[in-house]
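# Structural features, examined
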Amino acid sequence: MLRYIIKRLAYGLLTIWFIATATFFAMHAVPGDPFNSAKAATPQLRENLRARYGLDKPVGEQYLLYLGNMLQGDFGISFTQENRRVNDIIREHFPVSAILGVVALLIASVGGIAGGAVAAYWHNRLPDRLLMMAVVLAISIPSFVIAALAQLLIVQANDLSGRSLLPVAGWGSLSHLWVPALVLGLGTMAYLARLMRSSMLDVMNTDYVLTARAKGLGTWQIFWRHQLRNALLPVVTELGPTIAAITTGGFVVELIFAIPGLGRYFVQAVQQLDYTVIMGTTVFYGAFLVLIVVLVDLLYGVIDPRIRLHGGQR
Amino acid sequence: MAYLPADFDRLPPQAPEAAETLAPSPPLWQLLLQDMRACLAAGVVLLVLVMAFIGPWLWPQDPATQWLSQVSSGPSAARRVDVVSDEFWHGPRQNVSALTALQATTTQVKLAWPDRADAMSYRVYRNAGGVGLGMPLIETVKTHYADRLQLSEQRYRYSVVAVRADGSTSDPEWIEVKPELTLGTFEAQLLGLDVMDGKVSLPSHPLGTDALGRDMLSRILHGAQTSMLVGLSAPLLFITLGAFYGALAGLLGGWVDNVLMRIADFVVALPFLLFMILFRVALGIESGESGLFPMVMAMVLLSWPSAARLVRGQVLQLRESAFVMSARLAGAGNFYLIRRHLLPNVLPLLLVSLSFAIPQAIFTEALLSFIGMGVVPPTPSWGTLCNEGIRSMLTHPHELIIPALAISITVLSFNVLGDALRDAMDVKVRRSLR
Amino acid sequence: MRKCIVATVVICLLFPTFVLAGAVNAQEQRITLSLATEPPSLDTALATDQISSFLLAHLMEGLVQYGPAGELVPAMAERWEVREGGATFWLRKNAVWSDGKPVTAEHFVYAWRRALDPATASQYAFILFPIKNAEAVNRGELPVEKLGVEALGNYRLEVRFDKPCPYFAKLTAFMTFFPARQDVVERWGRAHAADADKMIFNGPFILTRWIHGARLTLTRNPRYWNADAIRLQEIDLPYITTDPGTHYNLYKDNRIALAPLDASTLSDALSKGYETHLFDFGTLYFLEMNFREDRPTRNLALRKAIQSVLNPSLLVYKVLGLPGVKPAYSLFPSSMRAGEGVVFSEHYPPPVVNYDIAQAQRYLAQAKRELGDIPPLTLLVGDSPRAVNEAEFYQYVLKQSLGLETRLDQQTFKQRISKMRRGEFDIAAAGWGPDFDDPITFGDLFASWNENNRGRFADDDYDAAVRQAQRSLDPAVRLKAFDRMQQIISEQVVIIPTYENVGLYVQHPQLMGVRRSIFGGDPNYRYAWVKP
């Protein structure tokens, strides 16, 4: 087990190195550099700036410098916000994205699992039909359209009720959180509901459930002890990609609802060609996701004793 | 386990009776035909494809032509309208006794009003059906004004308020005007329309026009072309690429397989949307390009590993399977094995991944175009149409709803088709296992 | 499931809960506003953008500032004198920083030297160039001590010029000229302008909270020399978003007291019966032609052909559709003033262009004779929704009327500027906002030596006119020089002016005394208050 964990982690580190390298070279292929603004930029000024950010060195040296700094956990200084370190930017903005993501994930998992279970329970009856219709709709409308419509709906509701039921945008209180998190989690919720439904249907006809039924256990007991637990397993496997989708997919929601998360910051940084912020954010997200995948792998081993881990042969 | 030399002797020939006892499962398409949803979805998909590629011939309006006098208008029929002068107006020839509209066309609404002794200046407002005075047009010291601001054929109420020296204002004097649709001379000249008896013909717009006066129907049709091009070409490319890659890894095996699959794992670990944006910026768009190529490239670069994994898994499984081993023993060549055993097993799986990859690609295109990282105007795509529509969502919802519906219906159909395909495959697998 | 519930509770506890404040509060004299982006830096030497300028205008104060009618009024300086060879500023003795120390002439000397120091790499260093030796200092050829500015005692500031600069006093209202404290800058280094608790201020407000990317709060500065005139106690900025729709929705929801409008939100605001306001930014938008050797736009006949079909009134009235936006015909915006009370366009109206497709086709035929076939033109534009709309309009008009193919090169702001600088365009859409209140802020743009002359237009007559306007102290001579410039620009089709932009906005009816100003930070809430 320990060997497996170490191997997974070492492999994770290698993956992070790959992400860092890919990011570095992708960024250096971009035409133009960040030292352009509407007002005059004399050649002298540009030289001053390039020297300050080390862009005057050869690419190889820049790359080594960049890797070295990153090993020490230093992503450098933002190009556009000249007095802020990228580390500070991540430290300040990531928690926002994380809170939004976690709440979205909670809403998505609770809603998805409950929805899937309900649909499976009333298989091919009205609740199932309705839920599956909602699911198909939810994954067929682009998230930005849903987000814009949700915002419009809040405005209309506030308009009609004559008071402020929910804030339209912004960040800072619980009431700011629910709608963006719901919109963000909607696609995942639909996906999980589908997955849960089919997994439940599979479980429902297994021998152990039939045995339990034959033993005379109550519906609820069977549901909690046997069906739900086993049906959840395939859902847990999907947790890694799901978290990835939610954390990186958050930027549309963050853009529309004016939430100061890292995703929105990333889009801005791309538009302003803020090299250091782009590289820092990408590597950070990449590392974060690699870690999540490793964790989910290990978690899966813990939950399902059927999976034994020998040295990572998969 | 030890072998004896006798084990390698040729076996006596056997009757081939055991092989054909299983009933052949019906082909995939027959299973699909039995599924109502699938037929419907396939119909819609076909329709979208047909509309995308022959629609522009059926509705030959140029999606680039800007009917500037009809911006953001609802459905309209073909008609003939007057061409009027769009020259700067220097005021009426004689004074008027009350607020008057001397000309009321969508090119110009010429207003004149009597001078007031106590007025320092006048404010002109225009109201198009709201509350209060409406939109402030100008503050002027003159007693006339020609309004030219995006006029359409609807009832306007113009109000003129006199501002006194102390800053106080008079009660508004108002007039209601419904301008008649006309084209200015420069615009008519620009459109190259034939002027006959001072009139020109305008075509119909069954779905209305967008914020630049372009025909929505024709834009949706041309947008479908772009979206379907991205939606089909990227998945086809990356699934083909991935399939070959995976097959190569699986067939070669050993350390090559190990290295190849490690690379695939690395690529899977890249955060997809972040790298889509990053690659899209890195690949850059030179002037005049639509941005389609970098987007498809980025998508291919990031999405191939899933197909590679799928195919490699199948290859490994098949390599170990009894029937391939026996075929190999029977002296079957690689090519025969691939054609006879690998392809029939892998193709349906790839087909299912394709049917789920297409809506994903359409979504990605729309999302990137929405944040301005997608295709470049004037190339229309459903994503850019949505992006444009969201800006006028409050006032002209049709500009958002139509492209959003187009995306949703298409994605929906592909999803349903994918589901049906997968279900059919399950049935096929179950039947063949029976 | 139990874990989920526990996690939810934990999150609720961790998550700070604030009471949602309304747009205005008359009792506490507090207002809530929104920002488009986070200020990149509140360092006066490094700030370049609108948002920083808006915030710094409330937090800091320079030697002089603009009054309600755009006139110069005393600020840190009580009085001043601009001569041919230099200027003197007498500072007020009752001005203190937010930590109680007096504001002295030394603080200006330090700030200006720092802005010009090559190590600071200030992008606005050029605005200090009228000061003696400034360019040499910025190039690193002279030490900063050689800069022509000196503190004579605590309260007198002496400036020497390289050449006469009649508008120097106006320049000192700009943020790069704001004072700075050496002890604070050196103590915190980079962070001195990135966190609320490390900054000090000499303006009417102090920054009491800066949660990056999320919220800024400005509180009235009781130590400000003119604190009695400031009635607002707090300006809270808890929303930061670039989406114009969101700002408007926040306004509708009574969350913010002022929101900008675009074409779509405007019509909704009108249908709701909100009172809408207009503000003239004095910003000119134009198409810039590339005069480099290998470019077809170097050909005058081609430029003339393009000029004769791009009718600004069609763009402004049909495409943009915003009230108050004016079609532009001159390099100088129509409201530009050349001296106290002198509106330039009233003395010298813009040159007349005939918009005539037949004439344009004749020009084009001539261009084709001179150039042969004309390759597709590259039209470099921004990526904002409006910029794209405009670009599609230009593209359509050129194709439809002249059969000219254009390729849109849509780039983010930074990349567009970079490409313009490298000359990778035929026609580029650009905009220019005035930095100070004198037509020369537009006029010297196309002088052959200006770094911002990205089309590389070079004309001796034009250069001579710019030099004359820069050095002469005689208003009549300057007006004539400016007229010469606008004529050359139009005759040579250096740029095609398209429109003068305005800001449309809705403002809370209880919020009074907001000043919109082209210069010195906009909007200005210094003298604002909330009516009960």
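Quick caveat: nothing in here was measured; it's all calculated off a predicted structure.

## Details of the overall build of chain B
The helix and strand inventory of chain B stands at 11 helices and 10 strands. By residue count, 51% of the 434 residues in chain B fall in the buried class. Excluding contacts between residues fewer than 6 apart, the proportion of contacts in chain B whose partners are at least 24 apart in sequence is 70%. Working note: accessible area of chain B is about 21,400 Å², and carbon and sulfur atoms make up 62% of it.

## Overview of the overall build of chain C
Helix and strand content of chain C: 17 helices and 20 strands. Relative to the globule expectation of 24 Å for 532 residues, the C-alpha radius of gyration of chain C, 25 Å, shows essentially globular dimensions. Summarising its shape, the C-alpha atoms of chain C cover approximately 75 × 70 × 45 Å along the three principal directions. A buried classification covers 61% of the 532 residues belonging to chain C. A separation of at least 24 residues holds for 67% of the contacts in chain C among residues at least 6 apart in sequence.

## A look at the pairing of strand E7 (residues 156-164) of chain B
Residue and element names in this part refer to chain B. By the criterion of burial, E7 is predominantly enclosed, with 7 of the 9 residues buried. Pairing analysis gives 8 bridges linking strand E4 (residues 119-127) to E7, with the strands arranged antiparallel. For Ala-119, the partnering residue across the bridge sits in E7 and is Arg-164. As defined by bridge partners, E7 adjoins strand E8 (residues 173-177) across 5 bridges and the pair is classed as antiparallel. Bridge pairing links Tyr-158 to Ile-175 in E8.

## Notes on the sheet that holds strand E7 (residues 149-151) of chain C
Residues and elements named next belong to chain C. Spatial strand order, E5-E6-E8-E7: 4 strands in an open sheet with antiparallel pairing. Among the strands making up the open sheet, the edge pair consists of strand E5 (77-82) and E7. Within the sheet, the average angular offset between the axes of one strand and its neighbour, ignoring direction, is 15 degrees. Where helix H3 (residues 105-116) meets the sheet, its contacts fall on strand E6 (86-91), E7 and strand E8 (156-160), and the angle it forms with E7 comes to roughly 155 degrees.

## Quick notes on the interface of chain C and chain B
It is common to report an interface's size as the accessible area lost on association of the parts. Across the contact, 47 residues belong to chain C and 40 residues belong to chain B. Of the roughly 3,600 Å² buried between chain C and chain B, counting both surfaces, carbon and sulfur atoms make up 59%. For the pair chain C and chain B, the interface holds 1 salt bridge. A salt bridge links Arg214(B) to Glu392(C); the nearest nitrogen and oxygen atoms lie 2.3 Å apart. Where chain C touches chain B, the interface holds 8 residue pairs in polar contact (both at pLDDT 80 or more). Secondary-structure elements contributing two or more residues to the side of chain C that touches chain B are helix H8 (263-271), strand E13 (276-289), helix H10 (312-320), helix H12 (357-371), helix H13 (385-402), strand E16 (406-410) and helix H14 (413-422) of chain C. With 10 residues, the single largest contributor to the side of chain C that touches chain B is H13(C). The residue makeup of the side of chain C that touches chain B, split by class, is 21 nonpolar, 18 polar and 8 charged.

## Structural notes on the domain arrangement of chain B
Structurally, chain B comprises domain 1 (28-61 + 212-432) and domain 2 (83-185). Placing the centre of domain 1 of chain B and that of domain 2 of chain B at their C-alpha centroids yields a distance of 56 Å.

## A short note on the pattern of salt bridges
Oppositely charged side chains may form a pair once their charged atoms are brought near each other. Residue and element names in this part refer to chain C. Following the criterion strictly, the structure yields 43 salt bridges over all chains and no others. Between Arg-526 and Glu-61 there is a salt bridge, with the nearest N and O atoms lying 2.8 Å from each other. Within this pair, whereas Arg-526 is found in the loop between strand E19 (511-512) and strand E20 (529-530), its partner Glu-61 is found in the loop between helix H2 (50-59) and strand E3 (64-66), the two being separated by 465 residues in sequence. Accessibility expressed as a relative area gives 3% for Arg-526, which makes it buried.

## Topic: the confidence of the model for chain C
Any segment with low pLDDT has predicted coordinates that should not be analysed in fine detail. Residue and element names in this part refer to chain C. Of the residues in chain C, 96% have a pLDDT of 70 or more, and the chain-wide mean is 87. Of all the helices and strands in chain C, helix H1 (residues 2-14) carries the lowest mean pLDDT, 45, while helix H9 (residues 300-309) carries the highest, 95. The model gives residues 1-19 a pLDDT under 50, and that stretch makes 21 contacts with residues more than four places away or in other chains. ipTM for the predicted complex: 0.77, alongside a pTM of 0.75.

## Some details on helix H3 (residues 59-71) of chain A
Since the α-helix advances by 3.6 residues per turn, residues separated by three or four positions end up pointing in the same direction. Residues and elements named next belong to chain A. Here H3 contains 13 residues, and its C-alpha end-to-end distance of 18 Å stays within 8% of the 18 Å for a straight helix at 1.5 Å per residue. Burial in H3 covers these residues: Gln-62, Tyr-63, Tyr-66, Leu-67 and Met-70. Buried residues along H3 cover an arc of 130 degrees about the axis, so they all sit on one side. More than 90 degrees from the buried face of H3, the exposed residues found are Leu-64 and Leu-71. Of the residues trailing H3, Gly-73 is marked for its positive phi of about 75 degrees.

## Digging into the packing of H10(C) against H13(C)
All names here are of chain C. Running from amino to carboxyl end, H10 crosses H13 at an angle of 125 degrees, the nearest separation of the two axes being 11 Å. It follows that H10 is oblique to H13 by the angle criterion. Considering the relative orientation of H10 and H13, their crossing is right-handed. Judged by residue contacts, Leu-314, Leu-315, Val-319 and Leu-320 of H10 engage Arg-386, Glu-390, Phe-393 and Tyr-394 from H13. Grouping the amino acids of the contact of H10 with H13 by side-chain chemistry returns 6 nonpolar, no polar and 2 charged.

## Things to note about the packing of aromatic side chains
Scanning the entire structure with this criterion turns up 38 aromatic pairs over all chains. The rings of Phe89(C), Phe108(C), Trp112(C), Phe161(C), Phe168(C) and Phe177(C) are connected pair by pair, giving a single aromatic cluster. Here the guanidinium or amino end of Arg157(B) rests over the ring plane of Trp174(B), the centre of that ring lying 5.3 Å away. Directly above the aromatic system of Tyr505(C) lies the positively charged group of Arg516(C), at a separation of 4.3 Å from the ring centroid.

## Focus: the UniProt feature "transmembrane region" (unreviewed entry) in chain B
Summarizing the sequence annotation, UniProt attributes the feature "transmembrane region" (unreviewed entry) to residues 38-59, 236-256, 263-285, 346-371 and 400-421 of chain B in the numbering used throughout. The annotated region residues 400-421 of chain B carries 100% helix and 0% strand content, and the separation between its end C-alpha atoms amounts to 32 Å.

## Let's talk about empty space enclosed by the protein
Residues and elements named next belong to chain C. Going through the model one piece at a time under the given rule, you end up with 11 cavities of 30 Å³ or more. Space inside the largest cavity adds up to approximately 180 Å³. Together, 18 residues line the largest cavity, and Met-60, Pro-179, Ala-180, His-192 and Ile-200 are the ones closest to its centre. Of the residues in the lining of the largest cavity, the class split is 12 nonpolar, 2 polar and 4 charged.

## Points about the environment of Pro102(C)
Residue and element names in this part refer to chain C. Tracing the backbone through its elements, the reader meets Pro-102 in the loop between E6 and H3. Overall, Pro-102 belongs to the partly exposed group, its relative accessible area being 38%. If we ignore the near neighbours within four places in the chain, the residues touching Pro-102 are Ala-95, Val-96, Trp-97, His-107 and Tyr-155.

## Here we look at the sheet that holds strand E1 (residues 24-25) of chain C
Residue and element names in this part refer to chain C. Pairing within the open sheet is mixed, and its 5 strands lie in the order E1-E2-E11-E10-E9. Either end of the sheet is taken by a strand with one partner, and the two such strands are E1 and strand E9 (205-211). Where strand E10 (residues 215-220) meets strand E11 (residues 234-240), 4 bridges bridge the pair, whose relative direction is antiparallel. Note on E11: the bridge partner recorded for Leu-218 is Ile-235.

## Here we look at the domain arrangement of chain C
All names here are of chain C. What the domain assignment lists for chain C is domain 1 (64-187) and domain 2 (282-502). Each of domain 1 and domain 2 has a C-alpha centre, and the two are 33 Å apart. Contacts between domain 1 and domain 2 engage 15 residues on the former and 12 residues on the latter. By the criterion of area lost to domain 2, the three top residues of domain 1 are Pro-166, Tyr-167 and Lys-170, representing 40% of everything that side buries. The tally of links from domain 1 across to domain 2 stands at 0 salt bridges. Summed over the shared surface of domain 1 and domain 2, the number is 3 residue pairs in polar contact (both at pLDDT 80 or more). Grouping the amino acids of the side of domain 1 that touches domain 2 by side-chain chemistry returns 10 nonpolar, 1 polar and 4 charged.

Calculation criteria
- Residues numbered from 1 in each chain as written.
- Chains lettered and ligands numbered in written order.
- Predicted model: local features only at pLDDT ≥ 70, side-chain atom pairs only at ≥ 80, totals over all residues.
- Heavy atoms only, no water.
- Helix = DSSP H or I, 4+ residues; strand = E, 2+ residues; numbered from the N terminus.
- Buried < 20%, exposed > 50% of the residue type's maximum accessible area, 1.4 Å probe, protein only.
- Contact = heavy atoms within 4.5 Å.
- Areas by Shrake-Rupley, 256 points an atom, 1.4 Å probe, with all protein chains shown as cover.
- Rg over C-alpha atoms; globule rule 2.2 N^0.38 Å.
- Pairing = 2+ DSSP bridges.
- Axes fitted to C-alpha atoms, helices over the stretch in contact; angles between N-to-C directions.
- Buried area = accessible area lost by both parts, 1.4 Å probe.
- Salt bridge = Lys/Arg side-chain N within 4 Å of Asp/Glu carboxyl O.
- Polar contact = N/O pair within 3.5 Å; in protein donor to acceptor, adjacent residues only side chain to side chain.
- Nonpolar A, V, L, I, M, F, W, Y, C, P; charged D, E, K, R; others polar.
- Domains from an automatic or database assignment.
- pLDDT = per-residue confidence, 0-100.
- Expected span 1.5 Å × (residues − 1).
- Arc of directions from axis to C-beta.
- Parallel < 35°, antiparallel > 145°, perpendicular 65-115°, else oblique.
- Left-handed = near helix turned anticlockwise from the far one by under 90°.
- Phe/Tyr/Trp six-rings, centres within 6.5 Å; stacked < 30°, edge-to-face > 60°.
- Lys NZ or Arg CZ within 6 Å of the ring centre and 35° of its normal.
- UniProt positions renumbered as here; feature names shortened; annotations may be inferred.
- 1 Å grid on protein atoms, 1.4 Å probe; cavity = no way out; pocket = protein on both sides within 12 Å on 5 of 7 lines; lining within 4 Å.
- Points joined across faces, edges and corners; volume = space filled by probe spheres on them.

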